[in-house]
Amino acid sequence: MGCLGALLFLLGGLGALARICEITEVDSTLVERLGQHLLPWMDRLSPEQLNPSIYVGLRLSSLQAGAKEAHYLHSLKLSYQQSLLSNDNSDSEAKPSMGQLALYLLALRANCEFVGGRKGDRLVSQLKRFLEDEKGAIGHNHQGHPHTSYYQYSLGILALCVHQKRVHDSVLGKLLYAVEHEQHLQQGHFPVDTLAMAGLAFSCLKLSNLNPNQRNRITVALGRVQEKILKAQTPEGHFGNVYSTPLALQLLMASLRPTVELGTACLKAKAALLASLQHKAFQNPLMISQMLPILNQKSYVDLISPDCEAPRVLLEPATETPSQTQVPGFIHVTLKVSSISPSYRHSVSVPVSSSLEDVLKKAQEHSRFRYGTQASLSGPYLTSVMGKKAGEREFWQLLRAPDTPLLQGIADYRPRDGEAIELRLVGW
């Protein structure tokens with residue numbers, strides 16, 4: 001083989017490696033079933049339940065929801081513009097967070113819209129103010145922490161990038177520094193989903209060249225993110241865990257550094273993810289909306305130049321198949337709280353297939369147990385237990401005894417008979 005032939009062979013091999021992280025062969029029934037889970041959520045149009053991620057996921061998928069999709073975007077626009085652009089002094093808790101606003105801007109771009117005009121400029125300015133506030137919280141010496149998280153910080157930069165809106169080098173520099181000096185973070189490392197979101201932001205900036213003075217640092221940080229995600233692969237094949245794998249694959253399948261190691265890791269991850277699909281592991285709308293794009297070989301970076309004319313299959317509501325008559329059963333779950341004094345332990349009986357949230361409600365009805373929650377795009381999360389609120393940089397962790405952290409929230413996790421669930425206040 002001549003030199004030219006060897007070069008072409010090498011380039012062809014690298015091209016194959018670059019595409020090996022794409023999931024190209026999936027049972028269309030599985031994909032459709034996944035999309036059908038989102039349809040009921042698109043009927044929930046109250047401001048606290050609107051979820052821009054659902055719209056983004058559908059637009060980047062091979063599926064569409066027809067008129068319901070257009071109506072959902074219209075509802076998003078009304079809600080976000082009313083809450084963010086009003087001049088009153090309404091409760092700030094009713095206003096979208098930085099992450100929600102960033103996802104809304106992604107939703108607009110998924111519909112091939114660029115933010116513009118007076119209203120659009122105010123939305124962009126609000127998101128930039130969020131980022132500036134977070135930059136201030138991190139501090140000039142990088143010893144502080146964002147009020148929210150580096151995940152939301154990265155998402156905010158990504159959202160502005162796909163709209164071709166530049167962030168100041170000092171704002172980007174905080175994220176670059178965090179990736180470069182990750183070992184100095186209080187928690188010691190970034191979770192995989194945070195790494196992936198940071199990597200998606202870097203990928204967008206590298207392609208858009210909005211911060212040319214930071215180009216070399218962006219390239220190095222992107223390579224570092226990819227390396228860390230590959231090192232976080234579990235023996236089962238997931239990157240971090242099953243629910244962080246879709247975002248990781250969004251980043252890796254657009255990798256500009258294809259290697260044999262990357263190809264091997266992606267093959268293993270795809271097999272694990274498809275097995276999880278078969279076992280119906282994805283029920284949460286936020287997780288589904290991150291999964292659907294990769295089943296269509298897309299990522300959030302594709303929102304730089306979205307294809308709004310691509311054909312998509314119309315989703316039909318799932319039809320209920322009559323199941324065999326079953327005698328209603330009950331399970332017994334033990335609920336434990338050791339982060340308070342005196343500690344709490346109580347056994348609760350709930351119907352089969354009840355969620356952990358159902359268990360908490362039942363415990364509150366029949367014992368001294370009390371809890372509080374706050375709505376989020378990934379579902380309700382615990383803010384207080386037995387009157388004890390999670391403080392700054394604290395959260396109530398869910399564990400299956402003796403010490404296994406749950407990967408799902410209280411609305412999604414379904415305990416099995418005899419399980420003991422502990423609610424533990426931890427710092428991060």
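About the cut-offs
Throughout this description, residue numbers start from 1 for each chain and increase along the sequence as written. In keeping with the model being predicted, local features are shown solely for residues with a pLDDT of at least 70 and side-chain atom pairs are shown and tallied solely at 80 or more, while totals for entire chains, interfaces and linings include all residues. Side-chain metrics in this entry use all non-hydrogen atoms of the structure; hydrogen atoms and water are not considered. UniProt positions are given in the numbering used here, feature names are shortened, and annotations may be inferred rather than shown by experiment. Partly exposed describes any residue whose relative accessible area lies between the buried limit of under 20% and the exposed limit of over 50%, with all areas from a 1.4 Å probe on protein chains only and scaled to the type maximum. Where helices and strands are cited, they refer to DSSP runs of H or I of at least four residues and of E of at least two residues respectively, numbered from the N terminus. The arc in question is traced by the directions running from the helix axis to the C-beta atoms. Any two residues having at least one pair of non-hydrogen atoms within 4.5 Å are treated as being in contact. Put plainly, a pocket is an open set of points on a 1 Å grid over the protein atoms alone with protein on both sides within 12 Å along at least five of seven lines, a cavity is a set where a 1.4 Å probe fits but cannot get out, and a lining residue has an atom within 4 Å of a point. Grid points are joined across faces, edges and corners, and a volume is the space filled by probe spheres set on the points. Amino acids are sorted into nonpolar (Ala, Val, Leu, Ile, Met, Phe, Trp, Tyr, Cys and Pro), charged (Asp, Glu, Lys and Arg) and polar (every other residue, Gly among them). Side-chain atoms within 4.5 Å link the members of a nonpolar core, which is a set of buried Ala, Val, Leu, Ile, Met, Phe, Trp, Tyr and Cys residues. Strand pairing is defined by DSSP finding a minimum of two bridges between the two strands. Angular values range over 0 to 180 degrees, each being the angle between N-to-C directions of two axes fitted as lines to C-alpha atoms, with helices fitted over their stretch in contact.

As recorded by an unreviewed UniProt entry, the protein carries the name Transcobalamin-2 and is attributed to Monodon monoceros. In its Sequence similarities (unreviewed entry) section, the UniProt entry covering the protein states "Belongs to the eukaryotic cobalamin transport proteins family." Per UniProt, the protein carries the Subcellular location (unreviewed entry) text "Secreted".

Caption draft 1: Quick look at helix 14 (residues 356-366). Among the residues of helix 14, Leu 356, Glu 357, Val 359, Leu 360 and Ala 363 are the ones counted as buried. Projected onto a plane normal to the axis of helix 14, the buried residues spread over an arc of 155 degrees and lie on a single side. Seen from the buried face of helix 14, the exposed residues on the opposite side, beyond 90 degrees, are Glu 365 and His 366. The inward-facing, buried residues of helix 14 contact strand 3 (330-337), strand 4 (344-351), strand 5 (371-374), strand 6 (381-385), strand 8 (394-400) and strand 10 (420-427).

Caption draft 2: Spotlight on empty space enclosed by the protein. By the definition in use, this model includes one cavity of 30 Å³ or more. Here the largest cavity is characterised by a volume of approximately 90 Å³. As for the largest cavity, its lining consists of Leu 30, Arg 33, Leu 34, His 37, Ser 276, Leu 277, Lys 280, Ala 281, Phe 282 and Gln 283. At the level of secondary structure, the elements contributing two or more residues to the lining of the largest cavity comprise helix 2 (28-36) and helix 12 (260-278). It is helix 2 that provides the largest number of residues to the lining of the largest cavity, a total of three residues. Split into classes, the residues belonging to the lining of the largest cavity amount to five nonpolar, three polar and two charged.

Caption draft 3: How the structure looks around the nonpolar core. If you look at the biggest cluster of nonpolar residues, it comprises 100 residues, and the most contacted ones within it are Ile 157, Phe 202, Ile 229, Phe 239, Leu 249 and Phe 282. Not counting chain neighbours up to four residues away, the residues in contact with Phe 282 comprise Leu 34, His 37, Val 242, Tyr 243, Pro 246, Leu 273, Ser 276, Leu 277, Met 287, Ile 288 and Met 291. Listed in part, the 24 residues of the second largest apolar core include Val 333, Ala 363, Tyr 413 and Leu 423.

Caption draft 4: Structural view of the sheet that holds strand 6. The sheet built from three strands is open, its strands ordered 5-6-7 with antiparallel pairing. Of all strands in the sheet, those bounded by a partner on one side alone are strand 5 and strand 7 (388-389).

Caption draft 5: Seen up close, the sheet that holds strand 8. Read across the sheet, five strands follow the order 4-3-10-8-9 without closing on themselves; strand pairing throughout is mixed. If you trace the sheet from one side to the other, it starts and ends with strand 4 and strand 9 (404-405), each paired once. Bridging between strand 3 and strand 4 involves eight bridges; their strand directions are antiparallel. By the bridge assignment for strand 4, Leu 335 is matched with His 346. Strands strand 3, strand 4, strand 8 and strand 10 of the sheet are contacted by helix 14, whose axis makes an angle of about 115 degrees with strand 4.

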